[in-house]
Amino acid sequence: MKFIKGAIVGAALALLFAPKSGKETRNDISKKFGEKKEMASGYADMAKAKSEEVSHAASEASDNIKITLAKTAQDLKEQLHSASEEIKNETMSAEADVARTAKEAKDEVSNKSNNNTPNNKNM
């Protein structure tokens, strides 16, 4: 914007100090002002188009991030559920192993106890 303003002021000063009639100078100023106004309007249109383009890209990126986060959350939920099921199954298996081992130990102690009773000893 500063460049455009400077160009307009410079052009106006150059025209004012040129050896032309007042009418010619006013026509030249009007013509240059119209050109610069048109050029500024073109820059404004380009800026608006770029702004819309960036806004659209940001919106798409935001939507992609939302989709990615939702998918990641769903994946984590599924992984946690799977891990929970694995832990549950391993706990049940370990519980069964402990119960079996305890029964075997009980039976072994019971058998030893029965073998060491006075009725079973050889004297």
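Residues numbered from 1 in each chain as written. Predicted model: local features only at pLDDT ≥ 70, side-chain atom pairs only at ≥ 80, totals over all residues. Heavy atoms only, no water.

## Describing the overall build of the protein
Then step 1. A count of helical and extended segments in the protein gives two helices and zero strands.
Then step 2. Relative to the 2.2 N^0.38 estimate, which gives 14 Å for 123 residues, the radius of gyration of the protein is 46 Å and therefore markedly larger than a compact globule would have.
Then step 3. Along the three orthogonal principal directions, the C-alpha set of the protein runs to about 150 × 20 × 10 Å.
Then step 4. Within the protein, buried positions represent 4% of all 123 residues.
Then step 5. As displayed, the protein has an accessible area near 10800 Å², and 59% of this comes from carbon and sulfur atoms. (Helix = DSSP H or I, 4+ residues; strand = E, 2+ residues; numbered from the N terminus. Rg over C-alpha atoms; globule rule 2.2 N^0.38 Å. Buried < 20%, exposed > 50% of the residue type's maximum accessible area, 1.4 Å probe, protein only. Areas by Shrake-Rupley, 256 points an atom, 1.4 Å probe, with all protein chains shown as cover.)

## Structural notes on a nonpolar patch on the surface
Then step 1. A surface patch of nonpolar side chains, amounting to about 340 Å² of accessible area, comprises Val-9, Leu-13 and Phe-17.
Then step 2. You can see Val-9 is positioned in helix H1 (residues 2–17). (Patch = residues over 30% accessible without salt bridge, like charges linked within 9 Å, V, L, I, M, F, W, Y side chains within 5 Å. Salt bridge = Lys/Arg side-chain N within 4 Å of Asp/Glu carboxyl O.)

## Comments concerning the environment of Asp-97
Then step 1. Mapping Asp-97 onto the fold places it in helix H2 (residues 22–115).
Then step 2. Overall, Asp-97 belongs to the partly exposed group, its relative accessible area being 33%.

## Observations concerning the pattern of salt bridges
Then step 1. In the structure shown here, the tally under the stated rule is four salt bridges.
Then step 2. One salt bridge connects Glu-53 with Lys-50, and the closest N-O pair in it is separated by 3.9 Å. Of this pair, Glu-53 and Lys-50 both sit in helix H2, three residues apart, which is roughly one turn of the helix.
Then step 3. Arg-100 serves as the salt-bridge partner of Asp-97, at 3.1 Å between the closest nitrogen and oxygen. One end of the pair is Asp-97 and the other is Arg-100, both in helix H2 and three residues apart, which spans about a single turn.

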